[in-house]
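Below are the chains, spelled out letter by letter.
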Amino acid sequence: MTSAAASAAPTARLPRVLRAVGGRLVAIATVLLGAATLAFAGLKLLPGDPVATLLGPQTTASPAVRAQIRADYGFDDPLASQYLHYLRELLHGRLGESYQLQQPVSALIGEQFGSTFELALSALVLAVVIAVVSALATAGRRSALRSALGAWELVAVSTPSFWLGIVLLTVFSFRLQWFPVAGTEGVQTLVLPAVTLALPIAGVLAQVLRESLDKALGEPFVVTARARGLSATAVRVRHAFRHAAIPLLTLSGWLIGTLLGGTVLVEKVFARPGIGALTLQSVNTKDMPVVMGVVLLAALVFVLISQLTDVLYAVIDPRLRKG
């Protein structure tokens, strides 16, 4: 290749890169717009008077006060005007104000996000580690260990997280007293909630990864790798796992989006602060601006993880790269 052709190659790839980035940004914006629209529609379709929610059930406010609140919040504006105002606020990073707490929704979510992120990330890492170890140890083999782990995975997948959390609390906190019952101070307070979230996810991931490994271990490249003198462990880890990781990555990306919902019950069982506890409180008090903010956060996390997963596909398997 000449020097001129070599220098032209990056320039020729630039438009493709820009188109790919632009396409992903458009996809993200479209999903977020759809989530925002659905959240707004859900707020407007919700039965009840938002002014009554703001004032509380025991209020004796006069009609004049109620009318002033309607004017201040724009409840009497045309629906299209309210929707456009809502979108403008979102573009400026403002999610509205909590009806009950009288604080910006973005501030409330920001205060609780760290605790939920710590729990969700710990649970995901633990689930992936358990699934990978279980699948690598049993794929391609018919043994008592495989049968035992398969039975455990089925039980883990079928067990409700709130029930599992109560069992873990009863055994390891109340009886053995190895871990604190509640709180967020220290690593020990994170162990039981993370295990509660991780075990059902690990069961699903292990089943999917083991099936993919079984197929990969039957491919011709495995025979070639063994003929080169590689050990069985090296073949599994360095070759078969790389080919079997795509389904694991796909499922992990989807499960990350669902972890936010799973934290609602787990944070309640273990009395942990976080997005889940905030959401549950907001639903009970009909504090819809907060609920809408959490819906948008979940949509943002899901779409970002989805885009990141697409990028990682090409990193793991170069055959999936385009152009």
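Structure: above.
Summarised in this report is the structure supplied together with it.

Turning to the overall build of the protein, a few remarks are in order. The helix and strand inventory of the protein stands at twelve helices and zero strands. Along the chain direction, N to C, the helices and strands of the protein fall in the order α-α-α-α-α-α-α-α-α-α-α-α. Looking at the protein as a whole, 35% of its 323 residues are labelled buried. Within the protein, counting contacts between residues at least 6 apart in sequence, those at least 24 apart form 73% of the total. When the accessible surface of the protein is totalled, it reaches about 18100 Å², and 67% of it is carbon and sulfur.

One finds Leu205, Leu209 and Leu213 to be the most contacted residues of the largest nonpolar core, which totals 35 residues. Elements represented by at least two residues in this core include exactly helix H5 (105-138), helix H7 (161-175), helix H8 (188-216) and helix H10 (232-269). Broken down by element, the residue count for this core peaks at 13 residues, all from H8. Residue contacts for Leu209: discarding those within four places in its chain leaves Ala131, Val132, Ala135, Phe241, Ala244 and Leu248. One finds Ile69, Tyr99, Met292 and Ala299 within the second-largest nonpolar core, a separate group that totals 16 residues.

Along the chain, the position of Thr196 falls in helix H8. There is a polar contact of 2.8 Å between the side chain of Thr196 and the backbone oxygen of Leu192. Residue contacts for Thr196: discarding those within four places in its chain leaves Ser161, Leu164, Gly165, Leu168, Val266 and Phe270.

Per the stated rule, a full pass over the model turns up two salt bridges. For Glu89, the salt bridge identified is with Arg94, shortest N-O distance 2.9 Å. Residue Arg94 is classed as partly exposed on the basis of its relative accessible area, which comes to 41%. Where Glu118 meets Arg272, a salt bridge forms, and the shortest distance between an N and an O atom there is 3.7 Å. Here Glu118 is found in helix H5, whereas its partner Arg272 is found in the loop between H10 and helix H11 (275-284), with 154 residues between them in sequence.

The next subject is the packing of aromatic side chains. Applying the stated criterion across every chain yields a total of five aromatic pairs. On the numbers, 6.5 Å between centres and 70° between planes, the contact of Phe172 with Phe179 is edge-to-face. Taken together, the ring pairs connect Phe40, Tyr83 and Tyr86 into an aromatic cluster.

Our next topic: unusual backbone geometry. A positive phi angle, close to 60°, is found at Gln177, a residue other than glycine. Positionally, Gln177 belongs in the loop between H7 and H8. Judged by its relative accessible area of 64%, Gln177 falls in the exposed class. With a phi close to 50°, Ala271 is a non-glycine residue in the positive phi region. Tracing the sequence through the fold places Ala271 in the loop between H10 and H11.

This paragraph deals with a nonpolar patch on the surface. A surface patch of nonpolar side chains, about 530 Å² in accessible area, is lined by Phe113, Phe117, Leu121, Val125, Val129 and Val133. Along the chain, Val133 falls in helix H5.

A few words now on the environment of Thr263. Here Thr263 lies in helix H10. Of the residues examined, Thr263 reaches a relative accessible area of 0% and is grouped as buried. Distance from Thr263 to Ala120, taken between C-alpha atoms, is 7.4 Å for residues 143 residues apart in sequence. Once residues within four sequence positions are removed from consideration, Thr263 is found in contact with Thr116, Leu119, Leu197 and Gly276.

Reading the values: the criteria
- Residues numbered from 1 in each chain as written.
- Predicted model: local features only at pLDDT ≥ 70, side-chain atom pairs only at ≥ 80, totals over all residues.
- Heavy atoms only, no water.
- Helix = DSSP H or I, 4+ residues; strand = E, 2+ residues; numbered from the N terminus.
- Buried < 20%, exposed > 50% of the residue type's maximum accessible area, 1.4 Å probe, protein only.
- Contact = heavy atoms within 4.5 Å.
- Areas by Shrake-Rupley, 256 points an atom, 1.4 Å probe, with all protein chains shown as cover.
- Core = buried A, V, L, I, M, F, W, Y, C linked by side-chain atoms within 4.5 Å.
- Polar contact = N/O pair within 3.5 Å; in protein donor to acceptor, adjacent residues only side chain to side chain.
- Salt bridge = Lys/Arg side-chain N within 4 Å of Asp/Glu carboxyl O.
- Phe/Tyr/Trp six-rings, centres within 6.5 Å; stacked < 30°, edge-to-face > 60°.
- Patch = residues over 30% accessible without salt bridge, like charges linked within 9 Å, V, L, I, M, F, W, Y side chains within 5 Å.

Note that all results are geometric; they support no functional claim without further evidence.
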